Amino acid sequence: MSGPTVTVYTRAGCKLCAEAEVIVAAVAAGRASVERVDIDAHPELTARYTVRVPVVAIDGVELFELQVDADQLRGALAARR
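Residue indices follow the written sequence of each chain, beginning from 1 at its first position. Local features in this predicted model are restricted to residues of pLDDT 70 or higher, and side-chain atom pairs are both shown and tallied only at a pLDDT of 80 or more, whereas totals for entire chains, interfaces and linings draw on every residue. Based on all heavy atoms of the structure, the side-chain values leave hydrogens and waters out of the count.

Colleague: Whenever I open this one, the overall build of the protein confuses me. Can you help?
Modeller: Secondary structure elements follow DSSP: runs of H or I of four or more residues count as helices, runs of E of two or more count as strands, with numbering from the N terminus. From N to C terminus, the protein includes 3 helices and 4 strands. Going from the N terminus to the C terminus, the protein shows its helices and strands as β-α-β-α-β-β-α. For 81 residues, the compact-globule formula gives about 12 Å, and the C-alpha radius of gyration of the protein, at 12 Å, lands near that figure. Its C-alpha atoms put the protein at 35 × 20 × 15 Å along the principal axes. The proportion of buried residues among the 81 residues of the protein is 35%. Our radius of gyration is a C-alpha quantity, and the globule rule it is checked against amounts to 2.2 Å times the number of residues to the power 0.38. For every residue, the accessible area (1.4 Å probe, protein chains only) is compared with the maximum for its type, and the residue is labelled buried under 20%, exposed over 50%, or partly exposed between those bounds.

Quick look at the structure:
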């Protein structure tokens, strides 16, 4: 799919991460590709994000931390089109 890529930086056992992934999947469907990155698999990301996951970025630009607002995400994706 061409268009924006939404990246969710997450880690196992993170309740907020699981919630963010559900919101991102629903909002991004048909609008963007979704990439899930487990920060614990990358030492540099673990050091960078520590406990502030989930972090959601669109095309590399971080827009959300800890919580994702579906309406704001929808608006951000629309602005990228």
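Text resumes after the structure shown.
Colleague: Help me understand the state of the cysteines in this model?
Modeller: Note on terminology: a disulfide is the covalent bond linking the sulfur atoms of two cysteines. By disulfide we mean two sulfur atoms from cysteines, separated by a distance within 2.5 Å. Within the structure shown, the criterion is met by 1 disulfide. Each sulfur in the disulfide pair cysteine 14 and cysteine 17 lies 2.3 Å from the other. With the S-S bond torsion at 75 degrees, the cross-link from cysteine 14 to cysteine 17 turns out right-handed.

Colleague: How should the sheet that holds strand S3 (residues 55-58) be read in this particular structure?
Modeller: Hydrogen bonds along the backbone pair up the strands of a sheet, which may run parallel or antiparallel. The strand order S2-S1-S3-S4 describes an open sheet built from 4 strands, whose pairing is mixed. Taken across any chain shown, the strands that pair with only one partner, and hence form the sheet edges, are strand S2 (33-38) and strand S4 (61-65). Adjacent strand axes in the sheet meet at a mean angle of 25 degrees, parallel and antiparallel pairs treated alike. Whether two strands pair depends on DSSP finding at least two bridges between them. As paired strands, S3 and S4 are joined by 4 bridges and run antiparallel to one another. Opposite valine 56, over in S4, you have phenylalanine 64 as the bridge partner. Strands in contact with helix H1 (residues 15-28) are strand S1 (5-10), S2 and S3; relative to S1, the strand with the most contacts, it is inclined by about 170 degrees. Axis definition: a line fitted to C-alpha atoms, limited for helices to the stretch in contact. Angles are taken between N-to-C directions and run from 0 to 180 degrees. By the convention used here, residues are in contact when the closest approach between their heavy atoms is within 4.5 Å.

Colleague: How do you make sense of the nonpolar core when you look at a structure like this?
Modeller: Grouping buried Ala, Val, Leu, Ile, Met, Phe, Trp, Tyr and Cys residues that are joined through side-chain atoms within 4.5 Å yields what is termed a nonpolar core. Residues Val6, Val24, Val56, Ile58, Val68, Leu73 and Leu77 are the most contacted members of the largest nonpolar core, which totals 14 residues. Of all the secondary structure elements, the ones that give two or more residues to this core are S1, H1, S3 and helix H3 (70-80). Residue contributions to this core peak at 4 residues, all from H1. Apart from the residues within four sequence positions on either side, valine 6 is in contact with Val24, Ala32, Ser33, Val34, Glu35, Val56, Ala57, Ile58 and Leu77. Tyr9, Cys17, Val55 and Ala57 belong to the second largest nonpolar core, which has 10 residues in total.

Coordinates in, geometry out; function isn't part of it.
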